[in-house]
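In case you want the letters, here they are:
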Amino acid sequence: MADDKNKPSRDQAEAAVRTLLAWAGEDPAREGLLDTPKRVVEAYGDWFSGYDDDPREYLARTFEEVAGYDELIVLRDIEFESHCEHHMAPIIGKAHVGYLPNGKVVGISKLARVVETYARRFQVQEKMTAQIAQSIQDVLQPLGVGVVIEGAHECMTTRGVHKRGVSMITSKMLGTFREDARTRAEFLRFIDVGPGR
Ligand SMILES: [Zn+2]
């Protein structure tokens, strides 16, 4: 996370956008582009709002009154938008999160919030997958956690090798999801990732 005192001013950020426009061959002073730096900086505030949030706080409030429920809890198809840290290009995808509770459960929307917070940072898909799993493991302390992410990387679809329709799948399994093949298989069956879905 960037140190606040090293954070550039808004004017500096807008000037940087004008520099990139000029670098691309544009005239940043032409009418259609006059407000673009302001809009881009505002969009950045939205796309990268995850630096201001602590995903672990979302997991801190738990419920214990679950009538002995001790089976898998899975939230699948959590849509996210992120940006790759190598090209600052969008990564659009879905995350699937499951855990095996150990007496405590968390509000289901909180799992989506955790995904969203990590997504709204510059990311590497592998790192984001591990961060989501580890934060749930550390705070909620379930018997196991599984996270699977499917992402389409625009740095690959719109430039470079230009391969459309390709998605990258990453997974991080902790605890029983890693050690017990049946738990892992049940989770994967629930989320049903892959072609022909
Ligand atoms: Zn990239």
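Treat the numbers as computed from the prediction; the structure is a model and nothing was measured.

Caption draft 1: Broad picture of the overall build of the protein chain. For the protein chain, the helix and strand inventory stands at eight helices and seven strands. The principal-axis extents of the C-alpha atoms in the protein chain amount to approximately 65 × 40 × 20 Å. Residues classed as buried in the protein chain amount to 36% of the 197 residues present. For the protein chain, the proportion of contacts with a sequence separation of at least 24, taken over those separated by at least 6, is 70%. Approximately 11800 Å² of the protein chain is accessible, and the part contributed by carbon and sulfur atoms is 50%. Seen as two clouds, the 26 positive and the 31 negative side-chain charges of the protein chain have centres 3 Å apart.

Caption draft 2: Fine view of unusual backbone geometry. Phi is positive for aspartate 77, close to 60°, though the residue is something other than glycine. Mapped onto the elements, aspartate 77 comes out in strand β2 (residues 73–84). Its identity is not glycine, yet glutamine 141 carries a phi of approximately 50°, on the positive side. As for its placement among the helices and strands, glutamine 141 is situated in the loop between α5 (125–140) and β6 (144–153).

Caption draft 3: Local environment of the pattern of salt bridges. The tally for this structure, following the rule as stated, stands at 10 salt bridges. Its salt-bridge partner being arginine 10, residue glutamate 14 comes within 3.3 Å of it at the nearest N-O pair. Pair noted here: glutamate 14 and arginine 10 are both in helix α1 (residues 10–23), with a separation of four residues, about one helical turn. Since its relative accessible area comes to 14%, glutamate 14 is described here as buried. In this structure, aspartate 46 engages arginine 120 in a salt bridge whose closest nitrogen and oxygen atoms are separated by 2.7 Å. Here the residue aspartate 46 occupies a position in helix α2 (residues 36–47), and arginine 120 occupies one in the loop between α4 (108–119) and β5 (122–123), the gap between them amounting to 74 residues.

Caption draft 4: Structural detail: the coordination of the zinc ion. On the protein side, the zinc ion has Cys84 (SG), His87 (ND1) and Cys155 (SG) as donor atoms, found 2.2 to 2.3 Å from it. On the primary sequence, the residues serving as donors to the zinc ion are separated as C-x2-H-x67-C.

Caption draft 5: Representation of α1. Here α1 contains 14 residues, and its C-alpha end-to-end distance of 20 Å stays within 8% of the 20 Å for a straight helix at 1.5 Å per residue. Residues Glu14, Val17 and Leu21 constitute the buried set of α1. Axial view of α1: buried residues confined to an arc of 55°, hence all on one face. Exposed side of α1, more than 90 degrees from the buried face: Gln12, Thr19, Leu20 and Trp23 are the residues found there. Elements that come into contact with the buried residues of α1 comprise α2.

Caption draft 6: Geometry of the sheet that holds strand β7 (residues 168–175). Reading across from one edge, β5-β2-β3-β6-β7 is the order of the five strands in this open sheet, with mixed pairing throughout. Only two strands of the sheet have a single neighbouring strand rather than two, namely β5 and β7.

Caption draft 7: Representation of the pairing of β2 within the structure. By the bridge criterion, nine bridges tie β2 to strand β3 (residues 90–100) in an arrangement that is antiparallel. Within β3, the residue paired with glutamate 81 across the bridge is isoleucine 92. Adjacent in sequence and paired antiparallel, β2 and β3 are bridged by five residues, among which methionine 88 carries a positive phi angle near 60°. Note: β2 against β5, two bridges, orientation parallel. The residue of β5 that forms the bridge with histidine 83 is phenylalanine 122.

Procedures and definitions
Residues numbered from 1 in each chain as written. Predicted model: local features only at pLDDT ≥ 70, side-chain atom pairs only at ≥ 80, totals over all residues. Heavy atoms only, no water. Helix = DSSP H or I, 4+ residues; strand = E, 2+ residues; numbered from the N terminus. Buried < 20%, exposed > 50% of the residue type's maximum accessible area, 1.4 Å probe, protein only. Contact = heavy atoms within 4.5 Å. Areas by Shrake-Rupley, 256 points an atom, 1.4 Å probe, with all protein chains shown as cover. Lys, Arg positive; Asp, Glu negative; His and termini not counted. Charge placed at Lys NZ, Arg CZ, Asp CG, Glu CD. Salt bridge = Lys/Arg side-chain N within 4 Å of Asp/Glu carboxyl O. Donors = N, O, S within 2.8 Å, 3.2 Å for Na, K, Ca; no water. Expected span 1.5 Å × (residues − 1). Arc of directions from axis to C-beta. Pairing = 2+ DSSP bridges.

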